[in-house]
Amino acid sequence: RADLGASVAVGGRGFGAGGAGRGPGGRGSGEVSGRHVGGRGLRGGPSGGRVPGGPDGRGGGAGRVGRGENRRVHGGRGGGAGRGGRGDNRQVQGGRGRGYVPSQLADARAEMTLDGIRNATRAQKTFVKRNGENVSYILWLFDNMPHFLNDEFRRVLQREDGQIDYDAFFRKKYRGKKTPEERKVDFRKQTLAKACKAILKDLSQTPTMETVDLEAVSNNVADSFFEYLCARKKKGGGLMMASCYSGYRSGLTFLFKRYGRTIPADLNDEISDLMKGVKRIANKARQAGEGAMHEGARGLTWELYLFFQKKFLELGTKEGIFAAAYAAVTMNLACRGDSTGMICTHHLQWSGDSTAISFSHSKEEQLGNDPAKRLPRHCYCNPLNQQADFASNLFNYLAMFPHVIQRPNGLLFPFQDSSGMFHDQIRKICDLYKTEIERDFGFPVDDIHVHSYRKCAHTKMNCGSTVGPTNAATCIRGGHSIGTTRSVYVVQEKASDQICGRILAGLPEHSAQFSASYTDFVPIDVEDSLTTGGVSLEDYEARKAQVDAQVQEGLNQIFGAEVLSDFRSINRFLKVGLASHLMHREAIDACLPSASAFRHTPLFTSAIFLSIKEHVRIAMPWDDHYKYFAPATGIPPHVIGFQYFEELKKLVSAIPGQFEQMLDERQFNGTISLAQMRNLIENGPTMQSMAADIATMRRMMRDANGLETNGSPNIAFEDNRARMYPHSDGSHRRVPEGWTFPHITLLQAYAYWHCGNDQSENPIAPMKVFCASDVSHLKRGRLNLSDIKHLAGLIDDQATAKGRVISDVMTRSEVNSCFFAGLDGIDIDTRTPSGRVRDPSALSWSSVLRLMNNKKRKRRRLNSTAADRADAVDT
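1. What about the pattern of salt bridges?
- Tallied over the full model, the rule gives 23 salt bridges.
- Across the pair arginine 734 and aspartate 774 runs a salt bridge whose closest N-O atoms are separated by 2.9 Å. Linking arginine 734 in the loop between β9 (732–733) and α32 (746–755) with aspartate 774 in helix α33 (residues 772–775), this pair joins segments that are 40 residues apart in sequence.
- One connected set of salt bridges, linked through shared partners, spans Asp827, Asp829, Lys855 and Arg859.

See the structure below:
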């Protein structure tokens, strides 16, 4: 296993040799190898010589019976396995630190070879698609026009076709709905396709033989290829879209290129003329009702996008929090779903009043020739609508998966197929709310896919207002190029990208609120503003420093102080994200289920976040406290005009009331009206002094109930530990009735063990003070408590060995520090059987326990098998 903070190549030698087998009979020493797991040590010789164990890093086993005078004494058991790498030029996912090399970067570096360069001349997806089209064309020729195939290749397919073992295939279990004949046809097609692909080889390799007689095809392209196009139809006999037929035509060109041939000009003209007829008929069929009018996924409406965002959050699961963040990033960047999955964590750059994200590689720009693609795309906060807010949705995801921050060079969404995960969540919402989506929004759920978000973003940018961004700016925002040189200047013209960002954030472009600022912590006291006429700069700076310390302590509780100190550039975005979360706290709280794992993050279990919520502010350019915010960007002049019109409307509406007040205040013979008496009392020196004293007392009470100097909540910790809740059976326990063991990650369970939950309606003491009677009424209550205690003990022991202090009362930032220091104590495989990296901190505590037990059982089986083999040799 890699040390934290290090980048260790897998395939190197494991560290730590297996211990020597002990006993007079001899010593079986364990030699560690980087790739294999070692067997048991051989029998010790008469003199107890050292015999190395087998390969595989498992160390020496028990020394076998000695040949000398101590024949009946067996050697002791060898040491544990040395933990080597797994080979394949992969990287062990080490801990935090910029030395960490993510797997996608390691793969890119390893790809810089001659074969890799040849394979990269086309995108892998493009090659797979074109190669699949070639295979389909070849198999159609084999069944219908075999004379267009090369003679040798045709004999290979005929031999392969005659050797297909259908009996073995039908002996396999099958639970599908296909008939035996349909299954037989599919199996034959798969077998022959596999043989074709073996001959065509990869892009970097030359095909082993000629498959299609290209000369014959060139002489009669109508019969050989366009008959094939006529045969390509949908399952029910329907025609394809015109773009599909164009793709098949590109496959023919690709087949010629695979054999170093080019299509002659006269043949190319003939193909172009015939393709016009194909497209004309295909579009005529579409107009007559063949399929849908739109191509591919249908773009969401903005209302449906907000509906999905709300339902993602209402799921309350880790996957739902992930999907809401993935959707918000995809929508705000107007990019493809695959491009969202390629963003690294350090690509998040705070840019004045927005978050800037750049791309250097996308489907539209794979060679890096267009500098406009590398210009940042600005993403803005939306303090008016939580569902559309980029900052709060992304911050919620980072708070749910805090291990992402540990690796600045790693992916922002470090999953094996993040776009596929997002698609699964879309399908889940579509299945749950199919009737509502089709009835209220008019969308067939089969038309909604990941790419629907990008199309929605383009519609939102172009169709909101006639004074919106230019067409060129929206094309560049979405990754479409309009010319290498012009793109760079168009994207910077009239704050084009900034206004695109505000529109995609969901800010209302026909309202003065379009100019709303980002959310931030601005400690302005309303009472002081009323009584003293404002806050001095010195007083504001002092308050700002105090609030910033509290905010930083809150972030430390979520992500860990050491992690944030190693990744300082992310701090500003996290502060804005935390402020956005607190701004929308009521909306988030209303959507989340009570059993959501997100409620067990420090955002919902630590009292510090409630104390800093009162300082969250936004500002408009005309507000007095706007000076505390960075200047707004991407605001059209007409938006400021909206505010002036609104102020004029208020002034005109107030004129009748002011006139009545003037008549009421104007009395004969100098008498004083009620309004004048009220004004004299409120503005008199006595009331002013009382107001100032009340404001001072409020600040003193807030400071007394706030944070101590060390950043830990100033609460009666012992009272929280001693808190007991009555139950219907007459007993009193440390948990309220209805409480169950939460299904949370290992990190959250460790924080629950040491800190409990002091923000909930019924505060829960740290789980480490629980006794068996507190959970005896729950199913598997005592066993779950014992399991969490075991896991926390392993982490505590490892953290203590690294110099951390495990105290009786710990802050959440101290808990985070100890957790990541002691994570090595959790002994599970760091990779799944498929090779995907596994992060223990992101797994649920029950999954971690299961994986640990599985590894122990596997190790015992290996040791038992090796012992049986040794005994068999003895026999």
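Once the structure has been displayed, the description carries forward.
2. A few points about the side chain of serine 354
- By the secondary structure assignment, serine 354 is in strand β4 (residues 354–357).
- The exposure class of serine 354 is buried, given its relative accessible area of 1%.
- With sequence-adjacent residues up to four places away left out, serine 354 is seen in contact with Gln349, His378, Cys379 and Tyr380.

3. Here we look at a positive patch on the surface
- A cluster of basic side chains, namely Lys856, Arg857, Lys858, Arg860 and Arg861, defines a positive patch on the protein surface.
- The topology assignment puts arginine 860 in helix α36 (residues 845–874).

4. Things to note about the packing of helix α12 (residues 318–333) against helix α14 (residues 390–400)
- The interhelical angle for the contact between α12 and α14, taken along N-to-C directions, is 140°, at an axis separation of 8 Å. Seen from above, α12 lies across α14 with left-handed handedness. Taken together, the residues of α14 that come into contact with α12 (itself represented by Lys318, Ile321, Phe322, Ala324, Ala325, Ala328, Val329 and Asn332) are Phe390, Asn393, Leu394, Asn396, Tyr397 and Met400.
- Residues that form the contact of α12 with α14 fall into these classes: 10 nonpolar, three polar and one charged.

5. Some details on the sheet that holds β4
- Pairing is antiparallel in the open sheet, where three strands are placed in the order β3-β4-β5. Both edges of this open sheet fall to β3 (349–351) and β5 (377–379), since each of them pairs with a single strand only. Across the sheet, the axes of successive neighbouring strands diverge by a mean angle of 40°, strand direction being ignored.
- With three bridges joining them, β4 and β5 adopt antiparallel strand pairing. Bridge pairing links alanine 356 to histidine 378 in β5.

6. Examining helix α15 (residues 418–432)
- A rise of 1.5 Å per residue sets the reference length of α15, with its 15 residues, at 21 Å; its end C-alpha atoms lie 21 Å apart and thus fit the reference within 8%.
- Restricting attention to buried positions, one finds in α15 the residues Ser418, Ser419, Gly420, Phe422, Gln425, Ile426, Ile429 and Cys430.
- Where α15 is buried, its residues meet α11 (302–315), α12, α13 (337–340), α16 (434–440) and α17 (451–463).

7. Side note on the packing of α11 against α17
- Across the interface, α11 lies against α17 with an axial gap of 10 Å and an inter-helix angle of 135°. Classed by the angle they form, the pair α11 and α17 counts as oblique. Here α11 runs over α17; the crossing is left-handed. On the side of α11, the interface is formed by Trp302, Tyr305, Phe308 and Phe312, while α17 contributes Tyr453, Cys456 and Lys460.
- Of the residues in the contact of α11 with α17, the class split is six nonpolar, no polar and one charged.

Calculation criteria
Residues numbered from 1 in each chain as written. Predicted model: local features only at pLDDT ≥ 70, side-chain atom pairs only at ≥ 80, totals over all residues. Heavy atoms only, no water. Salt bridge = Lys/Arg side-chain N within 4 Å of Asp/Glu carboxyl O. Helix = DSSP H or I, 4+ residues; strand = E, 2+ residues; numbered from the N terminus. Buried < 20%, exposed > 50% of the residue type's maximum accessible area, 1.4 Å probe, protein only. Contact = heavy atoms within 4.5 Å. Patch = residues over 30% accessible without salt bridge, like charges linked within 9 Å, V, L, I, M, F, W, Y side chains within 5 Å. Areas by Shrake-Rupley, 256 points an atom, 1.4 Å probe, with all protein chains shown as cover. Lys, Arg positive; Asp, Glu negative; His and termini not counted. Charge placed at Lys NZ, Arg CZ, Asp CG, Glu CD. Axes fitted to C-alpha atoms, helices over the stretch in contact; angles between N-to-C directions. Left-handed = near helix turned anticlockwise from the far one by under 90°. Nonpolar A, V, L, I, M, F, W, Y, C, P; charged D, E, K, R; others polar. Pairing = 2+ DSSP bridges. Expected span 1.5 Å × (residues − 1). Parallel < 35°, antiparallel > 145°, perpendicular 65-115°, else oblique.

Any functional reading would require information beyond the geometric quantities listed.
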